[in-house]
Amino acid sequence: MCRTGILGYGGGPSVIPLIRHDAVTRYGWLTDDEFGETLAIANALPGPIATKMAAYLGYKLKGVRGAIISVLAHILPSGIAMIALLSAVNYLSGSKVVGGMIAAVSPVIAVMLGLMAYEFAQKAFKGLGKRIGAAFLLLALVLLEVLHIHPAIVIVLFLGYGTVHYRILAKKQKGGTA
């Protein structure tokens with residue numbers, strides 16, 4: 001979490017791919033499905049998403065003490081850096097170089113978020129099929145962009161569907177009827 005706290009720039013959504021890489025790929029603390037579920041729940045709860053993810057991972061691995069250490073490891077590097085660099089930012093705020101550096105980071109964040117969205121879409125298409133996956137993608141787009149429903153409500157709706165969907169699949173696999 002200290003690494004994600006140091007390398008993460010641009011808020012919680014830009015840090016999620018870094019947390020996913022460490023938690024799923026590098027250390028194997030979670031599966032992709034567990035990470036997706038944790039991310040969905042973290043999105044539905046109030047507060048900074050990356051901090052909630054850090055707390056969950058710390059708690060999963062080492063309980064309450066792990067959650068506290070994980071959150072502190074995630075927020076302290078950036079907090080200390082913000083305090084230490086405040087005077088330099090004020091001094092360099094009019095610099096074209098600093099403006100260019102900030103502008104250069106934005107596309108990188110967009111690509112990282114796009115890659116993560118693509119990977120989640122692949123999993124959705126694999127689990128639901130292309131037609132249902134595309135239908136849910138279109139439904140989410142309509143709910144968010146056309147009807148302007150709050151993202152937390154949309155997430156809760158899809159979490160509810162996922163719960164029902166997986167219960168039906170579990171019953172079918174056990175030989176029961178849906």
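What counts and how
Residues numbered from 1 in each chain as written. Predicted model: local features only at pLDDT ≥ 70, side-chain atom pairs only at ≥ 80, totals over all residues. Heavy atoms only, no water. UniProt positions renumbered as here; feature names shortened; annotations may be inferred. Helix = DSSP H or I, 4+ residues; strand = E, 2+ residues; numbered from the N terminus. Expected span 1.5 Å × (residues − 1). Buried < 20%, exposed > 50% of the residue type's maximum accessible area, 1.4 Å probe, protein only. Arc of directions from axis to C-beta. Contact = heavy atoms within 4.5 Å. Core = buried A, V, L, I, M, F, W, Y, C linked by side-chain atoms within 4.5 Å.

The name an unreviewed UniProt entry gives the protein is Transporter, with Paenibacillus helianthi as the organism. UniProt, in its Subcellular location (unreviewed entry) section for the protein, records the words "Cell membrane". Among the UniProt annotations of the protein, the heading Sequence similarities (unreviewed entry) holds the following wording: "Belongs to the chromate ion transporter (CHR) (TC 2.A.51) family."

*Asks:* Whenever I open this one, helix α6 (residues 130–146) confuses me. Can you help?
*Replies:* The periodicity of an α-helix, 3.6 residues per turn, causes residues three or four places apart in sequence to face the same way. For α6, spanning 17 residues, the distance from its first C-alpha to its last is 23 Å, which sits close to the expected 24 Å at 1.5 Å a residue. Turning to α6, its buried residues number three or more, namely Gly133, Ala140 and Leu143. For α6, the angular spread of buried residues about the axis comes to 95 degrees, placing them on one side. For α6, the exposed residues set more than 90 degrees away from the buried face come down to Lys130, Arg131, Leu138, Glu145 and Val146. Packing partners of the buried residues in α6 comprise α5 (96–128) and α7 (151–174). At the C-terminal side of α6, histidine 148 shows a positive phi close to 55 degrees.

*Asks:* Please explain the UniProt feature "transmembrane region" (unreviewed entry) in the protein as it appears in this structure.
*Replies:* On the UniProt side, "transmembrane region" (unreviewed entry) is annotated at positions that read residues 67–92, 98–120 and 132–161 here. Split by type, residues 98–120 is 100% helix and 0% strand. Its first and last C-alpha atoms lie 34 Å apart. Counting secondary structure, residues 132–161 comes out at 87% helix and 0% strand; the distance between its end C-alpha atoms is 12 Å.

*Asks:* Is there a simple way to explain the nonpolar core in this structure?
*Replies:* In a soluble, globular protein the nonpolar side chains are often hidden away together inside. Grouped together as the largest cluster of nonpolar side chains are 16 residues, with contacts concentrated most on Ile16, Ile19, Phe35, Leu39 and Met53. Mapped onto this core, the elements with two or more residues apiece are α2 (12–26), α3 (32–44) and α4 (49–92). Discounting chain neighbours no more than four positions away, the residues touching isoleucine 19 are Met1, Thr4, Phe35, Ala50, Met53 and Leu57.

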